[in-house]
Amino acid sequence: MKNLKFERERILLLSEVASKLILEKIINNELKPGERLDIDQLAQLLEMSRTPVINALKELSQKGYVTIHSRSGSYVRAYSRYEMENIFDFREVMERLVVKKAADLADKNVLKNYKNRFNELCIKFEENHCNLDDFFKLEMEFHQYLMQLCPSVISMKLQDLVDLTKRIRKLHLQYLIERRGEKGVTKSELQIHLKLAEAIMNKDYQTADQLILDDISITKLQVLNLYDEIEAFGRLSE
């Protein structure tokens, strides 16, 4: 009985690991929308058995990242422009509430640290030492900190919404930089988040609300206007 319980816990842990790793590959566009997910190949890639991979795909299906067809298998879910517009709309509403909550609950020292880190990346950007991954990693960490100030049942749902926009948003920035030469987009994003950390730290509710609104609504508008081009860029990228 003890061995059976241990085995169940081991499979559960491996399933969580598999889910996280597969999601990272979807967000990083290593697994592309519409791509078939071969269970045996994923198990070999992740160095684990089929069972946790199957469990992971079921969980990712429930969260909206994977589509499972009983006869043909599992696929990375592709989102239409209309669906992505709605996801951004819900993010906009919920994150404005998160920022309002954060202004009351956030630790000033933590916010100061984020402000300094965004400022450091701004300086690195001026010296051409800041890459997109550095910014994207810090931005996601910052948003996760703010979300975690809410009750877990809220932060978990919002995290799913944020994750659903990560892939298209990262591709959007890559597209602007690599195909259009708009390198200043990274600096603009850095400055918005630096100011947002400062506004929350100072309990400047109005400015913080406007900054998060600008951050999400402007990104949404740009992504939707360039949706087909960004998706085509994503299909061609390695």
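Read on for an overview of the structure.

Scoring rules and cut-offs
- Residues numbered from 1 in each chain as written.
- Predicted model: local features only at pLDDT ≥ 70, side-chain atom pairs only at ≥ 80, totals over all residues.
- Heavy atoms only, no water.
- Pairing = 2+ DSSP bridges.
- Helix = DSSP H or I, 4+ residues; strand = E, 2+ residues; numbered from the N terminus.
- Contact = heavy atoms within 4.5 Å.
- Axes fitted to C-alpha atoms, helices over the stretch in contact; angles between N-to-C directions.

Notes on the pairing of strand S2 (residues 66–69)
Then, number 1: By the bridge criterion, four bridges tie S2 to strand S3 (residues 73–76) in an arrangement that is antiparallel. What sits directly across from Ile68, in S3, is Ser74.
Then, number 2: In textbook terms, the turn of a hairpin is the stretch between consecutive antiparallel strands, and for S2 and S3 this stretch comprises three residues.

A few points about the sheet that holds S2
Then, number 1: Strand order across the open sheet formed by three strands is S1-S3-S2, with antiparallel pairing between neighbours. Whereas interior strands pair on both sides, the edge strands pair on one side only; in this sheet they are strand S1 (36–37) and S2.
Then, number 2: For S1 and S3, the ladder comprises two bridges, and the chain directions are antiparallel. From the neighbouring strand, Leu37 faces S3, where its bridge partner is Ser74.
Then, number 3: Lying on the sheet, helix H3 (residues 50–63) is in contact with S1, S2 and S3; it crosses S2 at an angle near 115°.

Notes on the environment of Tyr227
Then, number 1: Tracing the chain through its elements places Tyr227 in helix H10 (residues 227–236).
Then, number 2: Taking the C-alpha atoms as reference points, Tyr227 and Arg81, separated by 146 residues in sequence, lie 6.7 Å from one another.
Then, number 3: Setting aside anything within four residues of it in sequence, one finds Tyr227 in contact with Tyr79, Ser80, Arg81, Met84 and Ile168.

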